[in-house]
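Residue-level listing of the chains:
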Amino acid sequence: MKSVHIPIQAIKGRGIAQRQPHRFERDARAAFDDGWGALDETALARNDAPPPVTELSWEDCKSAITHNNSPDIGFHLGLNPYRGCEHGCVYCYARPTHSYLNLSPGLDFETKLIAKRNVAEVLRRELASPRHAPGLLAIGTVTDAYQPIERELQLMRGVLQVLADTRHPLAIVTKGSGVERDIDLLAPMAAQGLAAVYVTITTLDAKLARILEPRAAAPHRRLRTIRTLTEAGIPVGVSVAPQIPFINDDMEQVLQAARDAGARRAFYTVLRLPWELGPMFRQWLEQHYPDRAARVMARVQDMRGGKDYNADFSQRMKGSGIWADLIRQRFDKACQRMGFNQEREPLDTSQFTPQVVRAQQELF
């Protein structure tokens, strides 16, 4: 069966070019040319193929806060208002979570989104529980809370209002400039030691960012977000994750630009390829960088003990081996030279006031 090359024009702002079968499917289907010209590159290049559209579904969630006991993560509480992410980052380690929904971690992850419409109400109830122990609540560690649909749905706005009412500490990780909308809530919380924001900048190369993170804010726009948040008195850090050998080689330049914009903390991870993400990332490499695809994957496997991925807690974030050590040394030396603090901002949990939540509940 002849394999089909999908031209870049057919993707139209999406990270993955095809619907990757998920690991729970019994049957896998692949496109092929049956001789009728339906997959003809010339036709696709003429934009005859419609672009994949974004579909939204609603979910009434039973819980808002997630818990983890992973030793390699500096928080144990998390929250994500959305399932799936329209940013379409090709390297996103959260893509395989769509498989649990019987959806593809490929195009479905970035086009079939699920919004937790009651997330703020459920969060308010959970914070009122006497069993809740306040701690750093990390938002956006799986899917971006400030992806494009947030502009309309404003679920994150409701979450922030609840956290502000109860003085609960939070940290946000985002690639979206939409976080600037919520400065009026974040700035007062930051003044009380309750809020911090980390902006992910994978590269300063706009051309690379367009195909690597097709619907996230442009690199220069994220730098402006760092500056805007900093000027509002909000502690800002920069994430230069993930580091991909021979793809985004400008880590030091990103750190310097973020430092100049006002970021004072930094962290990184190396590329993670769990489950279906491995073959999808290979397909992306063949699509955009066929000349170096084999070399990139060889270095990735060098950092993962000869495999695409190693989920061991001691290795999954930073990898192991010579290449992982080189990346670590580059990052450490750059941070030391630029005065970055690699530790997370300590936030105050003593101000948490669950009684405010209970008082508000009594009004309804």
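For the structure, see preceding data.
Enquirer: What is the right way to read the overall build of the protein from this model?
Expert: Each helix and strand counted, the protein has 13 helices and ten strands in total. The proportion of buried residues among the 364 residues of the protein is 54%. Across the protein, the fraction of contacts at a sequence separation of at least 24, relative to all contacts at a separation of at least 6, is 81%. Only carbon and sulfur atoms are counted for the fraction: they give 51% of the accessible area of the protein, which is about 17,100 Å².

Enquirer: Can you help me understand the sheet that holds strand β1 (residues 55-59) in this one?
Expert: Two orientations exist for strands paired in a sheet by backbone hydrogen bonds: parallel and antiparallel. Read from one edge of the open sheet, three strands run β1-β5-β4, paired in mixed fashion. Strands at the two margins of the open sheet, each flanked by one partner only, are β1 and β4 (82-83). In the sheet, β4 pairs with strand β5 (residues 112-116) via two bridges, with the strands oriented antiparallel. Looking at the pairing, Tyr82 lines up with Ala115 of β5.

Enquirer: Teacher, can you tell me more about the pattern of salt bridges here?
Expert: Where charged atoms of side chains with opposite charge meet at close range, the side chains can pair. Going through the model one piece at a time under the given rule, you end up with 18 salt bridges. Residue Arg316 pairs with Asp72 through a salt bridge whose shortest N-O separation is 2.6 Å. Remark: Asp72 occurs in the loop between β2 (66-67) and β3 (77-79) and Arg316 occurs in the loop between α11 (293-302) and α12 (322-338); sequence separation between them is 244 residues. Take Asp72: its relative accessible area is 24%, and that puts it in the partly exposed class.

Enquirer: Would you mind going over helix α8 (residues 219-231) with me for this structure?
Expert: Owing to its 3.6 residues per turn, the α-helix brings residues three or four apart onto one side. Across its 13 residues, α8 extends 19 Å between first and last C-alpha, which sits within 8% of the 18 Å expected from 1.5 Å per residue. Listed in full, the buried residues belonging to α8 are Pro219, Arg221, Arg222, Leu223, Thr225, Ile226 and Leu229. Tucked inside the fold, the buried residues of α8 contact α6 (183-191), β8 (195-200), α7 (206-212), β9 (236-239) and α9 (251-261). Of the residues one or two after α8, Gly233 is the one with positive phi, at around 85°.

About the thresholds
- Residues numbered from 1 in each chain as written.
- Predicted model: local features only at pLDDT ≥ 70, side-chain atom pairs only at ≥ 80, totals over all residues.
- Heavy atoms only, no water.
- Helix = DSSP H or I, 4+ residues; strand = E, 2+ residues; numbered from the N terminus.
- Buried < 20%, exposed > 50% of the residue type's maximum accessible area, 1.4 Å probe, protein only.
- Contact = heavy atoms within 4.5 Å.
- Areas by Shrake-Rupley, 256 points an atom, 1.4 Å probe, with all protein chains shown as cover.
- Pairing = 2+ DSSP bridges.
- Salt bridge = Lys/Arg side-chain N within 4 Å of Asp/Glu carboxyl O.
- Expected span 1.5 Å × (residues − 1).

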